[in-house]
Amino acid sequence: MYSIAIHGGAGAVSRQSLSAERERQYRDGLAAALDAGYAILEKGGSSLDAVTAAVHTLEDDPLFNSGRGAALTCDGAAELDAAVMEGRQLRAGAVAAVRHVRNPIELARRVMEKSRHVLLVGSGAEEFALEEGLPLVPNAWFRTEERRAQLESERSGRPVSDLIPSSQGTVGAVAIDSAGDLAAATSTGGMTNKRQGRVGDSPIIGAGTYAKNGVCAVSATGHGEYFIRCVAAHHICAAVEHRGCSLQEAVHELLHEKLRELGGTGGVIAIDRSGRIVSDFSTEGMFRGARDSSGSRQIDIYR
Ligand code: ASP
């Protein structure tokens, strides 16, 4: 049994807010990422490679808030965060506030595999990307017209979701491979109009990203400050491991009790040791997909 789930962010996405054409574009983008990850699992590849490939695909798609098409800081730049974790040895790698690394998830993976560290930020992370020979691009490469319009809208006091749905749109993936290894990956441009140097939950191991073999793998999306304060992804894993909760109960408790009590909203995808996938959110919608070796394949946006 192997399976993979992905998300492309949670937010104010309702049926009325997306045109048919726009919805098709999102579905195509999600399907491409889901199938890229699944193809690796199908060939007997690792969950780590599968989640990296799925997130890499979404980073390159300008519709989603990661890599190209990232949300912009208040000074109009793209500043990116990403993390990856594997559940067998609990190895993890993450980067935050990078402005020139074309695929931040690949750099997070290098941090995990080639450095002695877990989290590198800013210029130090970019120096490491240079040493590793990863593609670097001018910041303008990430910035799309839509994200500029969203930033303008936020600056003038109109929340971005009024203008374009999915003002958030972080991406993530969780998977289990045929060896039973779990992995999680998350990548984001953060929140529109954030301060320079602001780091969200995605690259914080245990907040937006976590994986532990025999338990579960989790990738979160939503208002990062709340996910950090709840140590969200680890909270879910700990509830499964130590309190005997089902994955569904653990995700529900986190989103609809813990996070809600603080005033936060968002969504989570998670997968347990038997390959069971849970996707849940407290927003209007969440871009998401799931596929497993029993033949099931699903792409969803709305509730
Ligand atoms: N969680 C991300 C952050 O706060 C944003 C998102 O998921 O939309 O950086």
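These remarks concern the structure in this document. (Residues numbered from 1 in each chain as written. Predicted model: local features only at pLDDT ≥ 70, side-chain atom pairs only at ≥ 80, totals over all residues. Heavy atoms only, no water.)

## Some remarks on the packing of helix α7 (residues 232-243) against helix α8 (residues 247-262)
Packing of α7 against α8 brings their axes to within 9 Å, and their N-to-C directions diverge by 135°. The orientation of α7 with respect to α8, classified from their angle, is oblique. In terms of crossing hand, the pair formed by α7 and α8 is right-handed. Of α8, the residues touching α7 (which contributes Ala232, His235, Ile236, Ala239, Val240 and Arg243) are Leu247, Ala250, Val251, Glu253, Leu254 and Lys258. (Axes fitted to C-alpha atoms, helices over the stretch in contact; angles between N-to-C directions. Helix = DSSP H or I, 4+ residues; strand = E, 2+ residues; numbered from the N terminus. Parallel < 35°, antiparallel > 145°, perpendicular 65-115°, else oblique. Left-handed = near helix turned anticlockwise from the far one by under 90°. Contact = heavy atoms within 4.5 Å.)

## Some points on the pairing of strand β8 (residues 216-222)
A large share of β8 lies buried, amounting to seven of its seven residues. What you see with β8 is no split at all: Cys216, Val218, Ala220 and Gly222 on one side and Ala217, Ser219 and Thr221 on the other are buried throughout. As defined by bridge partners, strand β7 (residues 209-212) adjoins β8 across four bridges and the pair is classed as antiparallel. By the bridge assignment, Lys212 is partnered in β8 with Cys216. Between β7 and β8, which pair antiparallel in sequence order, lie three residues; one of them, Gly214, sits at a positive phi of approximately 80°. Of the pairings in the sheet, the one linking β8 to strand β9 (residues 266-272) comprises seven bridges and is antiparallel in character. Residue pairing for β9: Ala217 is matched across the bridge by Ile271. (Buried < 20%, exposed > 50% of the residue type's maximum accessible area, 1.4 Å probe, protein only. Pairing = 2+ DSSP bridges.)

## Considerations on a nonpolar patch on the surface
Residues Val118, Leu119 and Val121 make up a contiguous nonpolar surface patch of about 230 Å² in total accessible area. You can see Val118 is positioned in the loop between α3 (104-114) and β4 (119-121). Overall, the relative accessible area of 42% leaves Val118 in the partly exposed class. (Patch = residues over 30% accessible without salt bridge, like charges linked within 9 Å, V, L, I, M, F, W, Y side chains within 5 Å. Areas by Shrake-Rupley, 256 points an atom, 1.4 Å probe, with all protein chains shown as cover. Salt bridge = Lys/Arg side-chain N within 4 Å of Asp/Glu carboxyl O.)

## Let's talk about helix α2 (residues 47-59)
Here α2 contains 13 residues, and its C-alpha end-to-end distance of 18 Å stays within 8% of the 18 Å for a straight helix at 1.5 Å per residue. Of the positions making up α2, those classed as buried are Ser47, Leu48, Ala50, Val51, Thr52, Ala53, Ala54, Val55, Leu58 and Glu59. (Expected span 1.5 Å × (residues − 1).)

## What to know about the site of the ligand
Taken together, twelve residues lie around the ligand, and Thr170, Arg198, Asp201, Thr221 and Gly222 are the ones closest in. A distance of 2.7 Å separates an oxygen atom of the ligand from a polar side-chain atom of Thr170. Considering the ligand on its own, with 270 Å² of exposed area, one finds that the protein chains cover 100% of that surface. Residue classes in the shell around the ligand are distributed as one nonpolar, nine polar and two charged. (Near = heavy atom within 4 Å. Polar contact = N/O pair within 3.5 Å; in protein donor to acceptor, adjacent residues only side chain to side chain. Nonpolar A, V, L, I, M, F, W, Y, C, P; charged D, E, K, R; others polar.)

## Some details on the packing of aromatic side chains
Counted under the stated rule, the structure contains five aromatic pairs. Here Tyr26 and Phe64 contribute two aromatic rings whose centre-to-centre distance is 5.5 Å and whose plane-to-plane angle is 75°, an arrangement assigned as edge-to-face. Highlighted residues: Tyr26 in helix α1 (residues 20-42) and Phe64 in the loop between α2 and β2 (80-86), separated in sequence by 38 residues. One exposure class covers both Tyr26 and Phe64, and it is buried. (Phe/Tyr/Trp six-rings, centres within 6.5 Å; stacked < 30°, edge-to-face > 60°.)

## Section: the nonpolar core
If you look at soluble globular proteins, the nonpolar side chains tend to sit buried side by side. The biggest cluster of nonpolar side chains holds 51 residues, and the ones touching the most others in it are Ile4, Ile6, Phe64, Val84, Leu107 and Phe287. The element that contributes the greatest number of residues to this core is α1, accounting for seven residues. Sequence-distant contacts of Ile6, defined by excluding residues within four places in its chain, comprise Leu30, Ala33, Leu34, Ala54, Leu58, Gly172, Ala173, Ile269, Phe287, Arg288 and Gly289. By size, the runner-up hydrophobic cluster in this structure holds 39 residues, among which are Cys245, Ala250, Ile271 and Phe281. (Core = buried A, V, L, I, M, F, W, Y, C linked by side-chain atoms within 4.5 Å.)

## Brief notes about the sheet that holds strand β10 (residues 277-281)
Taken in spatial order, the four strands make up an open sheet running β7-β8-β9-β10, and their pairing is antiparallel. On the outer flanks of this sheet lie β7 and β10, each paired with one strand and no other. For this sheet, the mean inter-axis angle between neighbouring strands, taken without regard to orientation, is 10°.

## Considering the pairing of strand β3 (residues 91-98)
Most of β3 is tucked away, with seven of its eight residues classed as buried. One ladder, built from six bridges, connects β2 with β3; its direction is antiparallel. Counted as the bridge partner of Ala82 is Val95 from β3. Here β2 folds back onto β3, and the loop between the two strands holds four residues, one of which, Leu90, carries a positive phi near 55°. Crossover β3 to β4 through α3 is left-handed. (Right-handed = clockwise from strand over helix to strand, strands pointing away.)

## Observations regarding the state of the cysteines
Scanning the model with the defined rule gives zero disulfides in all. The thiol sulfur of Cys230 is not disulfide-bonded, and the nearest other cysteine sulfur, from Cys237, lies at 15 Å. Among the cysteines around Cys245, which has no disulfide bond, Cys216 carries the closest sulfur, lying 11 Å off. (Disulfide = S-S within 2.5 Å.)

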